[in-house]
Amino acid sequence: MDQIVTGTLMSYVGICDRKIWLAGHAIEGYRDHELLALGRLLAESAYPRERKELALPGMKVDVLRRRPADADEDEALVIGEVKRSPRAQHAQRLQLGYYLLRLREAGLHVRGELRYPEQRRVEPVELTPELEQAVRSAIARVEELLAQPQPPPPVRIAACTNCAYFEFCWVSEEPAASGSPRRQKRTAGTAEGKR
């Protein structure tokens, strides 16, 4: 099966290799996960005056808009990714950089923005040589992970607490009383953060 690198997979780079493998092999996390639902709602409802969702193979851009009339002809478009918070900004920049690289390779010169409507913040993102190098390294890492016959073993990280893939990694652990998976106390077997 040929796996395609996607923006979503790029957004997991540097966060969780196992999540990349699972998502890249069409294994969906818990679809009704609260944070995923909030993210979808935010992307749909924020910036109502701008065009939503440009979808191309491996890409789904949240916002598309024209730059002001005085902008250069070849940079007349801006694409934006809507995010809840800048907590994983490095991964978010890789995702947006991936989109910018793909569009540049298609002959378009587009500028990017990371948008945080809850914080009322917009971070411009340009495809600098440094970002392009980081994106190309991340693409290679995603391709390497997807080529493996089995997922990497789960590793306990802070992101596990609110991950839609929690059950794929930690099915033997009990969720917290609130019904949401929470970090469990480490035992001797997980003292190093691995299981």
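Please refer to the structure placed before this passage.
Student: For this particular structure, what's the right way to read the pairing of strand β4 (residues 110–116)?
Tutor: Burial of β4 is extensive: 7 of the 7 residues sit out of reach of the surface. With burial as the criterion, each face of β4 is covered, one bearing Val-110, Gly-112, Leu-114 and Tyr-116 and the other bearing Arg-111, Glu-113 and Arg-115. Judged from the 6 bridges that link them, strand β3 (residues 77–82) and β4 form a sheet pairing that is parallel. Residue pairing in the sheet places Glu-81 in a bridge with Leu-114 of β4. For the crossover that starts at β3, traverses helix α4 (residues 89–105) and ends in the parallel β4, the hand is right-handed. Of the pairings in the sheet, the one linking β4 to strand β5 (residues 121–125) comprises 5 bridges and is antiparallel in character. Bridging from a neighbouring strand, Tyr-116 pairs with Arg-121 of β5.

Student: Explanation requested: the pattern of salt bridges in the structure shown.
Tutor: Opposite charge on two side chains permits them to pair, given that their charged atoms come into close proximity. Following the criterion strictly, the structure yields 9 salt bridges and no others. Glu-113 is the salt-bridge partner of Arg-115, the closest N and O atoms lying 2.8 Å from each other. On the basis of relative accessible area, Arg-115 is assigned to the buried category, the value being 4%. Salt-bridge contacts for Arg-136 lead to Glu-132; the nearest nitrogen and oxygen are separated by 3.0 Å. With Arg-136 and Glu-132 both in helix α5 (residues 129–147) and 4 residues apart, this pair spans about one turn of that helix. Residues joined by salt bridges that share partners form a network here, namely Arg-104, Glu-105, Glu-132 and Arg-136.

Analysis parameters
- Residues numbered from 1 in each chain as written.
- Predicted model: local features only at pLDDT ≥ 70, side-chain atom pairs only at ≥ 80, totals over all residues.
- Heavy atoms only, no water.
- Buried < 20%, exposed > 50% of the residue type's maximum accessible area, 1.4 Å probe, protein only.
- Helix = DSSP H or I, 4+ residues; strand = E, 2+ residues; numbered from the N terminus.
- Pairing = 2+ DSSP bridges.
- Right-handed = clockwise from strand over helix to strand, strands pointing away.
- Salt bridge = Lys/Arg side-chain N within 4 Å of Asp/Glu carboxyl O.

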